[in-house]
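Read off the chains here:
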Amino acid sequence: MIEHIWSGRSWLYILLLPLSALYGLVSGLRKLGYKSGLFRSWKASVPVVIVGNLTAGGNGKTPVVIWLVEHLQQKGYRVGVVSRGYGGKSEHYPLLVTDEVTTGQAGDEPVLIHRRTGAPVAVAPKRIDAVKKLLKHSSLDIVITDDGLQHYALQRDYEIVVIDGARRFGNGYWLPAGPMRELSGRLNTVNTIIVNGGTAETGELPMTLKGEMAVNLLTGEKRKISGIPNAVAMAGIGHPPRFFAALQQLGVDLQATHAFADHQAYEKVQLLALTNTGQNLLMTEKDAVKCAWFAQDNWWYLPVSAYFPEAQEEKFLDEICGLIPQPIKGKT
């Protein structure tokens, strides 16, 4: 229902406009407070890169974070990542993500980023606390935040906004009448605009997410996704239809699809009920990190990676590397 309203296909958004106006007023005053110095902000001793969005829901931020971490690591830089840790609940914050930390403690995205990249990751409701924890724990050249564009208490050196190319900004209104955390004019003040799928406009960096090899959760076996028969797909991400469409484009004949809420916590019996005898369950990597400990031999996930046009990719990465005045290269 909410996606229907936000997309502009329903007039019900009109009923929510007073709440949207209040949201815009409060967020605008808060932003003005930081800009004027009325509210204090904090600057880290290393460059901070924000990977965020203007809309609620998943746009593809985490693959961008992973891409940045991996490419900076390849150049020898020591990279740390901070996150709010949505969906997780820890007894204490800030929390350093280790191999033993669960998604129930840290949230799915921080665990996924740590496992994919090996980078130090810290989680805290206040991202400043997470950055301080990282800097105390590790010698870093740069910190990347997964989300946090509107977290103005943390000063930043570079802002990246990720847009879902298919949905873009929906009806363009603030929450809750529309999907906007900030209005589209905010794009004029960010450093890079990345468009995930769809058609990029002038000045935007097009991104595609690619993945063809599925991984078995239980055995680690890899198999081309199009070769997995009798497939049932599930996704607990910001926009599940995007995952289902991607599978079909890769040649998967889906017998059923099941959409869950973003950051959904799963139980074994819940997922066992999704397939019948002889069927295989396909999921995102973000889902896989939450249910690996009770995985079945017919469960598979599809890792995806971000790709950019080569010339624009090089310029984009050079801008990020240029943030580090005297890089200290080495291993974390």
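Before any of the text, the structure's been laid out above.
Sequence positions are assigned chain by chain, starting from 1 and proceeding in written order. It should be noted that, the model being predicted, local features are given only for residues of pLDDT at least 70 and side-chain atom pairs only at 80 or more, the latter also being counted only at that level, while totals for whole chains, interfaces and linings use all residues. Note that water and hydrogens are dropped before the side-chain values are worked out from all heavy atoms of the structure.

Asker: What exactly am I supposed to notice about the nonpolar core here?
Answerer: By size, the foremost hydrophobic cluster in this structure holds 38 residues, and its most contacted members are Leu68, Leu72, Ile144, Ile160, Ile194, Phe316 and Ile320. The way it works is that DSSP assigns letters per residue, a run of H or I at least four long becomes a helix, a run of E at least two long becomes a strand, and they are numbered from the N terminus. Take this core: its biggest share by element is 7 residues, from helix α3 (residues 61-74). By definition in these notes, contact holds between two residues if any of their heavy atoms fall within 4.5 Å. The residues contacting Leu72, other than those within four sequence positions of it, are Tyr77, Val79, Ile142, Ile144, Leu317, Ile320 and Cys321. Ala44, Ile128, Tyr152 and Leu187 belong to the second largest nonpolar core, which has 27 residues in total. What makes a nonpolar core is a set of buried Ala, Val, Leu, Ile, Met, Phe, Trp, Tyr and Cys residues whose side-chain atoms join them at distances within 4.5 Å. Per-residue accessibility, obtained with a 1.4 Å probe over protein chains only, is compared with the maximum for each type, and a residue is labelled buried under 20%, exposed over 50%, and partly exposed between these values.

Asker: Before we go on, may I ask you to explain the side chain of Asp108 in this structure?
Answerer: Structurally, the position occupied by Asp108 is in helix α5 (residues 108-117). By relative accessible area, Asp108 is classed as buried at 2%. A polar side-chain atom of Asp108 sits 3.2 Å from a polar atom in the side chain of Lys290. Ignoring anything within four residues of it in the chain, the contact list for Asp108 reads Tyr86, Thr103, His263, Lys286, Val289 and Lys290. For this analysis, a polar contact is any N or O atom pair within 3.5 Å, provided that within protein one partner can donate a hydrogen and the other can accept it, and provided that sequence-adjacent residues contribute only side-chain to side-chain pairs.

Asker: Would you explain the pairing of strand β9 (residues 213-216) in this entry?
Answerer: Moving residue by residue along a regular strand, the side chains alternate between the two faces of the sheet. In short, DSSP must find at least two bridges between two strands for them to pair. Pairing of β9 with strand β10 (residues 222-224), which is carried by 3 bridges, proceeds in the antiparallel orientation. Each residue of the ladder has a partner; that of Met213, found in β10, is Lys224. In this structure, the hairpin formed by β9 and β10 is closed by a connection of 5 residues, where Gly220 is found at a positive phi of approximately 85 degrees. One ladder, built from 2 bridges, connects β9 with strand β14 (residues 299-302); its direction is antiparallel. From the neighbouring strand, Asn216 faces β14, where its bridge partner is Trp300.

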